[in-house]
Amino acid sequence: MSYNAETFLSEVSLFAGLSQECLKWTASVFSRVEVNKDQILFEEGQPRQYFFVIESGEVELLRRLPAGREISMITFRNHDFFGESCLFDDAPHSTSARVVRPTVLWRASASSWIEFSRKHPDLFLPLLSRVSKLILNRTAVTAPFSDTASRYLSGKTRREHDFLGERDVSDEHYYGIQTLRALENFSISGVPIRHYPRLIHALAMVKQAAARANCKIQMLSQPLADAIETACREILDGKWHTHFVVDMIQGGAGTSTNMNANEVIANRALEILGKNRGEYDFCHPNNHVNLSQSTNDVYPTALKLAILNYNQIVIKDLQKLIDAFSKKALEFSHIVKMGRTQLQDAVPMTLGQSFSAWSQILQDEIDGLNRSSSQFLSINLGGTAIGTGINADPDYPQFAVMALREISGYDFVLAPNLVANTQDTGSFLEYSNALRRLGVKLSKICNDLRLLSSGPRAGLGEISLPEMQPGSSIMPGKVNPVIPEVVNQIAHKVIGNDLSVTLASEAGQLELNVMEPVIAQSILESMEMLISGMSTLRIRCIEGITANEDVCREFVRKSIGIVTALVPVLGYETCSKLAKEAQATGKGLYELVLERRLLPESELQELLSPERMVNPVPLKRVLE
């Protein structure tokens, strides 16, 4: 058994190249065990006790989430190893390990390692050095784009090549050499494409549609097309997202994003076909997954699809916010307050009318969002590099668009001029403008909320916003309007993003706009921030607003602005004199009108009644 252990361990990357004596003693601490499917090797919180090496089978590392949910971190297979930290201490496991299918393991206990280090420290040191380097690589903070699973890399690599040369890629990664180069080149924003799952879904749908169309025109075999489609469906189910690692901001017009998708799908398809990752003779990222395609038709098509999906959520949350304003409009419909223009007293209105106006202001934006997003249904899929369709069969575009309609549920159509559609970013520009309009309106409303809730003693104080948190580190009792403030800032970002989209759209040259990545990042960021902002504003502010009815009534009573209601009866000149005298003496208009006997009290009460002041009423007509 010792000889078998030595033979097996010599094939494992961590132990390869050790001296024969070191390998012999290393093998002596391992024992071979067989484990059944679903067996738990260790659980979160348990002390680290064993170092495992897989001879055959699969073991999944997973993390427990609230409500009994789990998230799969990584799957280990033949010659992979894990649990090596037990060589250093017995700190609790941060994950659990579950056997996916019957598995043969070689297992070494922490105590046996300690014994090995005591008896043969000179032999143990080379092994300890290798393990230390491995752990350091796994926890390196110099890879901001590394996915969660990278902390569990086995150290095993595969050799890949492109026309620039060869590179070693960690075998656990589903992406390949071109994605690796993009990681090195574009450490820009710290926001990888996996931050936007609907963009990943859109890429998977486009690749699935392409595979289906290529199979239809007999450019791709049925088994290969099925494997690619299965890999894409898994991505749509939420799997493999951690391997979409390229920065959203990148050179190359989105080529790195496209290749990231091609490589992940190709390597997963290889596994589905029973092959190893990197065996591209059987499923190649370019030759098969990217067949009949170019980044220049895949990337904008996927982006349009992603925006359409996000747009549904934007509108859903916007409608909920509109409904919240409408509900408050009904609740406050009986409260009379002073309207204001240029921050000066204007004429009376109801607090409900203010909320109803905000509701309608936002309602208008739903039509704008739907109208501008409808342009995304015209796509250039099949136009390949510049819209001429080079390297794509003439029948491919119609079948690809048809397949994308079936997969996505959207009524996509092939653009009438693919060369024009490939270089034109007008649809993105218009939709970004619609987002900016929404952001501007939300910010204006939040400005109003902050003004009306200002105080509580030295401001307007007509409404009270829900108290969310203490507002000062030095002033006790101060509460700030933090929710409207954060929505203001979201609007500022959206406005800035729209400018980025504008400049990027203008920067297009000849047959392609290479600035589409910043267009994508700007629009998707705006959408996500608006979704979060509108939900936060509704739940943590609007739904909890209360009216200070006494304050509203007192402002109306003291305001000179109510004199406007007397103009149709007393005339503009007389009312101007009344307003001026009231301002100078501090007397109320009601008092001055009675003092001067300009109107009987009963008529004055009728003219200044809340119902008459906040709604139009028939006026007496004077015939010349």
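The model shown is predicted, which means the values in this text are computed figures rather than measured ones.

Remarks on helix H7 (residues 222-236)
Here's step 1: Taking 1.5 Å per residue as the helical rise, H7 with its 15 residues ought to reach 21 Å, and the 21 Å between its terminal C-alpha atoms agrees with that figure.
Here's step 2: Residues of H7 that are buried: Leu224, Ala225, Ala227, Ile228, Glu229, Ala231, Cys232, Glu234 and Ile235.
Here's step 3: Its buried side turned inward, H7 meets helix H6 (197-216), helix H8 (255-272) and helix H9 (285-289).
Here's step 4: Within two residues after H7, Gly238 carries a phi angle of roughly 100 degrees, on the positive side.

Remarks on the nonpolar core
Within soluble globular proteins, side chains that are nonpolar generally end up buried alongside one another.
Here's step 1: Ile228 and Leu537 are the most contacted members of the largest nonpolar core, which totals 108 residues.
Here's step 2: No other element matches helix H10 (residues 295-331), which puts 17 residues into this core.
Here's step 3: Filtering out sequence-adjacent residues up to four positions away, Leu537 remains in contact with Leu321, Leu442, Cys446, Leu449, Ile483, Val487 and Ile542.
Here's step 4: Ranked by size, the runner-up nonpolar core spans 26 residues in total, among them Cys22, Leu23, Phe30 and Leu87.

Focus: the confidence of the model for the chain
Detailed reading of the predicted coordinates is not advisable wherever pLDDT is low.
Here's step 1: Scored by pLDDT, the chain has a mean of 89; 93% of the residues are at 70 or more.
Here's step 2: Note on residues 140-151: pLDDT under 50 across the span, and 26 contacts to partners over four residues away in sequence or across chains.

Notes on the packing of helix H5 (residues 177-185) against H8
Here's step 1: As a packed pair, H5 and H8 sit with axes 8 Å apart at the nearest point and diverge in direction by 140 degrees. Our classification of the angle between H5 and H8 gives oblique. Crossing of H5 over H8 shows left-handed handedness. Along the contact surface, H5 presents Ile177, Gln178, Thr179 and Ala182, while H8 presents Ser256, Met259, Asn260 and Glu263.
Here's step 2: Tallied by class, the residues present in the contact of H5 with H8 amount to three nonpolar, four polar and one charged.

Focus: the state of the cysteines
Here's step 1: Counted according to the given criterion, the structure contains zero disulfides.
Here's step 2: Its sulfur unpaired, Cys22 is 16 Å from the next cysteine sulfur, which belongs to Cys86.
Here's step 3: Residue classification places Cys22 among the buried residues on the basis of a relative accessible area of 1%.

Some remarks on the side chain of Ser294
Here's step 1: By the secondary structure assignment, Ser294 is in the loop between H9 and H10.
Here's step 2: Note on Ser294: relative accessible area 14%, which makes it buried.
Here's step 3: A distance of 3.0 Å separates the side chain of Ser294 from the backbone nitrogen of Asn296, its partner in a polar contact.
Here's step 4: Each residue touching Ser294, except ones within four places of it in the same chain, is listed here: Asn258, Thr384 and Ala385.

Description of unusual backbone geometry
Here's step 1: The peptide bond linking Gly455 to Pro456 adopts the cis configuration, its omega dihedral lying at 10 degrees.
Here's step 2: With respect to the element layout, Pro456 can be found in the loop between helix H14 (426-452) and strand S13 (463-464).
Here's step 3: With a phi close to 55 degrees, Leu510 is a non-glycine residue in the positive phi region.
Here's step 4: By secondary structure assignment, the location of Leu510 is in the loop between helix H15 (482-506) and helix H16 (516-540).
Here's step 5: For Leu510, a relative accessible area of 70% translates into the label exposed.

Cut-offs applied
- Counting starts from 1 at the beginning of each chain's written sequence and moves along it residue by residue.
- In view of the model being predicted, local features appear only for residues whose pLDDT reaches at least 70, and side-chain atom pairs are presented and counted only at 80 or more, with totals across whole chains, interfaces and linings using the full set of residues.
- As a rule here, side-chain values cover all heavy atoms of the structure and leave hydrogens and water aside.
- Counting from the N terminus, the helices are DSSP H or I runs at least four residues long and the strands are E runs at least two residues long.
- Expected span of a helix: the number of residues minus one, times 1.5 Å.
- In this scheme, a residue with accessible area under 20% of its type's maximum is buried, one over 50% is exposed, and one in between is partly exposed, where area comes from a 1.4 Å probe on protein chains only.
- We call two residues in contact when some of their heavy atoms are within 4.5 Å.
- We define the nonpolar core as a collection of buried residues of types Ala, Val, Leu, Ile, Met, Phe, Trp, Tyr and Cys that are connected through side-chain atoms lying within 4.5 Å of one another.
- Confidence of the predictor at the level of single residues is given by pLDDT, which spans 0 to 100.
- To get an axis, a line is fitted to the C-alpha atoms, and for a helix only the part in contact is used. The angle between two axes follows their N-to-C directions and goes from 0 to 180 degrees.
- We call two directions roughly parallel when the angle between them is under 35 degrees, roughly antiparallel when it is over 145, roughly perpendicular when it lies between 65 and 115, and oblique otherwise.
- Note on convention: the crossing is left-handed when the near helix lies turned anticlockwise from the far helix by less than a right angle, right-handed when the turn is clockwise.
- Each residue gets one label: Ala, Val, Leu, Ile, Met, Phe, Trp, Tyr, Cys and Pro are nonpolar, Asp, Glu, Lys and Arg are charged, and the others, such as Gly, are polar.
- Cysteine sulfur atoms that pair up within 2.5 Å are treated as a disulfide.
- Under this definition, polar contacts are N or O atom pairs within 3.5 Å; protein pairs additionally need one hydrogen-donor-capable and one acceptor-capable atom, and for neighbouring residues in sequence, both atoms have to be side-chain atoms.

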